[in-house]
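# Descriptive analysis of the structure
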Amino acid sequence: GCLLLWLLPSMLRAQSNGEARPRSMSCQQSPTRVSCKGVGLRKFPKELGQGIKYLELSNNFIQNLSSSYMPGFGQLEYLDLCFNQLEAVSDTTLAQLPQLRSLLLRSNHLDRNYRANGRAFRLLRNIEVLDLSANNLESHMAGWYISNLTRLRTLDLSGNRMTRLPAGIFWSAPQLRLLDLSNNYIMEIEEGVFEGLEELEVLNLALNSLHCLSGFSLTQLRVLNLSHNALELFISEEGAEPYLLQVLDLSRNRLLYFPELPKAHYLTHLNLSNNLIASLLPSSHHLGEFVLPYKEMARFNRTLHSVAALTRVADLDLSNNRLQLFPFTFFRSMSSLHSLSLARNCLQDIAGESLASSTEPSDHLPSPPELAALSVRSLDLQDNALRVLPRWFFDSLPQLERIDLGSNSLQPCEGQGSHRGSHIPAPGGTCTPFYNVPRLKHLSLRNNNITRLHPYAFNQTSLLSLDLSGNEGLFVPREALAGLEFSLQKLSLRGNQMDDSKAELPCLDTLKVLDLSGNNLSLLPTGLFCSPLESLDVRNNNLLMLEKPALTSWSHSLQDVSIAGNPFSCCSLGWLDT
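Residues numbered from 1 in each chain as written. Predicted model: local features only at pLDDT ≥ 70, side-chain atom pairs only at ≥ 80, totals over all residues. Heavy atoms only, no water.

Per an unreviewed UniProt entry, the protein goes by LRC32 protein and derives from Crotophaga sulcirostris.

### Some thoughts on the environment of phenylalanine 434
Inclusion rule: Per the convention used, a helix needs a DSSP run of H or I reaching at least four residues, while a strand needs a run of E reaching at least two, with both numbered from the N terminus. Only heavy atoms enter the contact rule, under which two residues are in contact if any of them lie within 4.5 Å.
Turning to its location among the elements, phenylalanine 434 is positioned in the loop between β27 (402-404) and β28 (442-444). When the C-alpha positions of phenylalanine 434 and glycine 415 are compared, they lie 7.7 Å apart, and in sequence the two are 19 residues distant. Contacts of phenylalanine 434, omitting those with residues within four sequence positions, involve Phe394, Leu405, Pro412, Leu443, Leu445, Ala457, Phe458 and Thr461.

### Some thoughts on the side chain of glutamate 547
So the rule is basically this: For every residue, the accessible area obtained with a 1.4 Å probe (protein chains only) is divided by the maximum for its type, and the residue is called buried under 20%, exposed over 50%, and partly exposed between those limits. Charge convention: Lys and Arg are scored as positive, Asp and Glu as negative, and His as well as the terminal groups of each chain are ignored. Here a salt bridge means any side-chain nitrogen of Lys or Arg lying within 4 Å of a carboxyl oxygen belonging to Asp or Glu. As used in this structure description, the phrase polar contact means that two N or O atoms lie within 3.5 Å; if the pair is within protein, one of them must be able to donate a hydrogen and the other to accept it, and residues adjacent in sequence are counted only when both atoms belong to side chains.
By the secondary structure assignment, glutamate 547 is in the loop between β32 (535-537) and α7 (548-553). An unpaired buried charge is present at glutamate 547: no salt bridge exists, and lysine 548, the closest side chain of opposite charge, is 12 Å distant. Polar side-chain contacts of glutamate 547 include one of 3.2 Å to the backbone nitrogen of leucine 524. Apart from residues lying up to four places away in sequence, glutamate 547 is in contact with Leu523, Leu524 and Phe529.

### A look at the packing of aromatic side chains
For the record, the criterion: Note on aromatic pairs: the rings of Phe, Tyr and Trp (six-membered ring only in Trp) are paired at centre separations within 6.5 Å, and the planes decide the class, stacked below 30 degrees, edge-to-face beyond 60, tilted for the rest.
Tallying each qualifying case throughout the model produces 16 aromatic pairs. Judged by centre distance (6.2 Å) and plane angle (10 degrees), the rings of phenylalanine 170 and phenylalanine 194 are stacked. You can see phenylalanine 170 sitting in the loop between β11 (164-165) and β12 (178-180) and its partner phenylalanine 194 sitting in the loop between β13 (188-189) and β14 (202-204), a full 24 residues away along the chain. An identical accessibility class is assigned to phenylalanine 170 and phenylalanine 194; each is buried. Between phenylalanine 568 and tryptophan 575 the ring centres are 5.1 Å apart and the planes differ by 40 degrees, which places this aromatic pair in the tilted class.

### Side note on the pattern of salt bridges
Inspection of the entire model under this criterion finds twelve salt bridges. In this structure, glutamate 199 engages arginine 153 in a salt bridge whose closest nitrogen and oxygen atoms are separated by 3.6 Å. With a gap of 46 residues between them, glutamate 199 in the loop between β13 and β14 and arginine 153 in the loop between α3 (139-145) and β10 (154-156) connect regions that are remote in the sequence. The salt bridge partner of glutamate 199 is arginine 177, with a shortest N-O separation of 3.7 Å. Remark: arginine 177 occurs in the loop between β11 and β12 and glutamate 199 occurs in the loop between β13 and β14; sequence separation between them is 22 residues. In this structure glutamate 199 comes out as partly exposed when scored by relative accessible area, which is 32%. The partly exposed category is assigned to arginine 177, whose relative accessible area is 39%.

### Focus on the state of the cysteines
How we decide: Any cysteine sulfur atom paired with another within 2.5 Å is treated as part of a disulfide.
Using the criterion set out here, one finds three disulfides in the structure. Disulfide partner of cysteine 413: cysteine 431, at an S-S distance of 2.0 Å. Measuring handedness by torsion sign, the sulfur bridge of cysteine 413 and cysteine 431 sits at about 100 degrees and is right-handed. Separated by 18 residues along the polypeptide, cysteine 413 in the loop between β27 and β28 and cysteine 431 in the loop between β27 and β28 bring together distant segments of the chain. Classification of cysteine 413 as buried rests on a relative accessible area of 1%. Taking the relative accessible area as the measure of exposure, cysteine 431 reaches 23% and is therefore partly exposed. Disulfide pairing is shown between cysteine 507 and cysteine 530; the S-S distance is 1.8 Å. Between cysteine 507 and cysteine 530, the S-S dihedral sits near 135 degrees, and the bridge is therefore right-handed. Placement of the pair is cysteine 507 in the loop between β30 (490-492) and β31 (513-515) and cysteine 530 in the loop between β31 and β32, with a sequence separation of 23 residues. Look at cysteine 507 and you get partly exposed, because its relative accessible area is 31%.

### Quick word on the environment of arginine 161
Inspection of the secondary structure assignment puts arginine 161 in the loop between β10 and β11. Overall, the relative accessible area of 36% leaves arginine 161 in the partly exposed class. Sequence spacing of arginine 161 and asparagine 135 is 26 residues, and the spatial spacing of their C-alpha atoms is 8.4 Å. Residues within four places of arginine 161 in sequence aside, it is in contact with Asn136, Leu137, Glu138, Asn184 and Tyr185. Engagement of the side chain of arginine 161 in a polar contact is seen with the backbone oxygen of asparagine 136, the distance being 3.4 Å.

### Details of the confidence of the model for the protein
Applicable threshold: Per-residue confidence from the predictor is reported as pLDDT, which spans 0 to 100.
Per-residue confidence for the protein gives a mean pLDDT of 86, with 85% of residues at or over 70. Taken as a whole, residues 353-367 scores under 50 in pLDDT and shows 32 contacts with residues more than four places along the chain or in a different chain.

### What to know about the pairing of strand β17 (residues 233-236)
Cut-off, in case you're wondering: Note: two strands are recorded as paired if DSSP finds a minimum of 2 bridges between them.
Along β17, the buried face is formed by Phe234 and Ser236; none of Leu233 and Ile235, which line the opposite face, is buried. Sheet topology note: the strand β15 (residues 212-216)/β17 ladder contains four bridges and is parallel. Each residue of the ladder has a partner; that of cysteine 212, found in β17, is leucine 233.

### Comments concerning the nonpolar core
Generally speaking, soluble globular proteins have nonpolar side chains that are buried together. Here is the rule we go by: We define the nonpolar core as a collection of buried residues of types Ala, Val, Leu, Ile, Met, Phe, Trp, Tyr and Cys that are connected through side-chain atoms lying within 4.5 Å of one another.
Counting residues in hydrophobic clusters, the biggest one holds 145 residues, and the most contacted among them are Phe170, Phe326, Phe331, Phe393 and Phe458. Secondary structure elements with two or more residues in this core: α2 (114-121), α3, β15, α5 (328-331), α6 (391-395) and α7. Sequence-distant contacts of phenylalanine 326, that is, excluding residues within four places in its chain, are made with Phe331, Leu340, Leu342, Leu347, Asp349, Ile350, Ala351, Leu379, Leu381 and Phe393.

### Quick notes on the side chain of asparagine 496
For asparagine 496, the location among the structural elements is in the loop between β30 and β31. Judged by its relative accessible area of 0%, asparagine 496 falls in the buried class. Within polar-contact distance, the side chain of asparagine 496 engages the backbone oxygen of leucine 468 at 3.2 Å. For asparagine 496, the side chain forms a polar contact with the main-chain nitrogen of glycine 470, separated by 3.1 Å. Those residues within four positions of asparagine 496 in sequence are excluded, and the remaining contacts are Leu468, Ser469, Gly470, Asn471, Glu472, Gly473, Leu474, Gly518 and Asn519.

Structure (structure tokens):
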């Protein structure tokens, strides 16, 4: 978009030299910077003064740049004319701007008079940054505008009407580093379009109509955005040069399989969300294999050598796809992986390497001893169909700090330290052990149909935040949160329809944020009185009043409280004084 200039607050009411000017016209000016943004200008303000280098004229009504004489603008380096009505630019005007480096023309009418305007643009010999976005430009118009801009480094052609990229359209701009072609209608990219752009680092082709991208060979690119297209295939070329690509966004396409990435690359961020990926095997072109059956796991060991080494990938987003299995084997080589999202898939099971010799599904397999640990710190598995996570799942994620398991069907196990002894659930159990996960700090179990928390469910797991909202009828006995007394800072029990008998909270010495909204409480749990609460939400309960002892204990810590939707008795509102 358009760059904003922060100018000194001194004000200048420009003089018109005899020309009629709006009375409301006022500009902010410093010795070298002037902003006349949104002041109702209809003509270029020629009389602003000498030595101006930065001029902002966006959000006005200027229709043309055709002044024959413009004294004082010979040093102008930056000109912002975004959001005007510009349709005509004369060579006489541009010839008087020899030092211009940045020209921003977003949201004008440069599709009109494009031939004459394009000829005038040939005088912009020093231009490095050009914004022609949202000008209704077709492909040939855009090519004409930039046909002689040899020093161009940043070009924005987003939001136009381009349908194809013909070969040679960028040949005159070999120094391009950033190219934005997003939000067009591009369906075809001719071979050789990007040849010669050896300095190109950032390419944005999002929001177009591309169906296939094969032979990808831009080895010097650092950032590539292909989101919001219709891609079914992404195949890169192998060559002697390593790919410098660090960020690749292929989200919101129609990919059926994991993309074929070059073996030598520096990829750190890969976004494959909102596709149709049902298999993580590379380019299995048999469309009948639309879901990943268990027997395909046996092929992983034979095919991983052809998969690009993703050793540098730190952030991988596979959310909103069609995966049914979480295969640890696939992620094993990602030694730098810190953030992984498999949210909103069809995950039912967690598969270790032992599936390589298994042809039938098995609900809860123990961890194979050779299973390598993953370095993931943040894991998003919300909105799947998971019923249980085996003990080895957490053992294989020793760095895990945050996990979102919302909208599954997981039941927490009774934890170590309970009166039944320190036991670990059998591999064939139906509950998930959330205790003794020492690095885990943030856990969400919202909307899991949990009806009862067992004692010591999170013991020896030093959680900072715990979300148990949306589990209707949940019973939380006093010992359920035992072990969290000196770590838990944020707790959500929102929307559980809990009555007073189902919320037996212990004394949580570090709790700062508590959400009890959407329940049936008529009294606050007494265990909360010792907590240093800063934020309390008790909306939509059955509270007649808030107990003074609680408010007194929170008088030095509580900063905000939400109480709407309760049948408070207007005859006993003395607690408001507290």
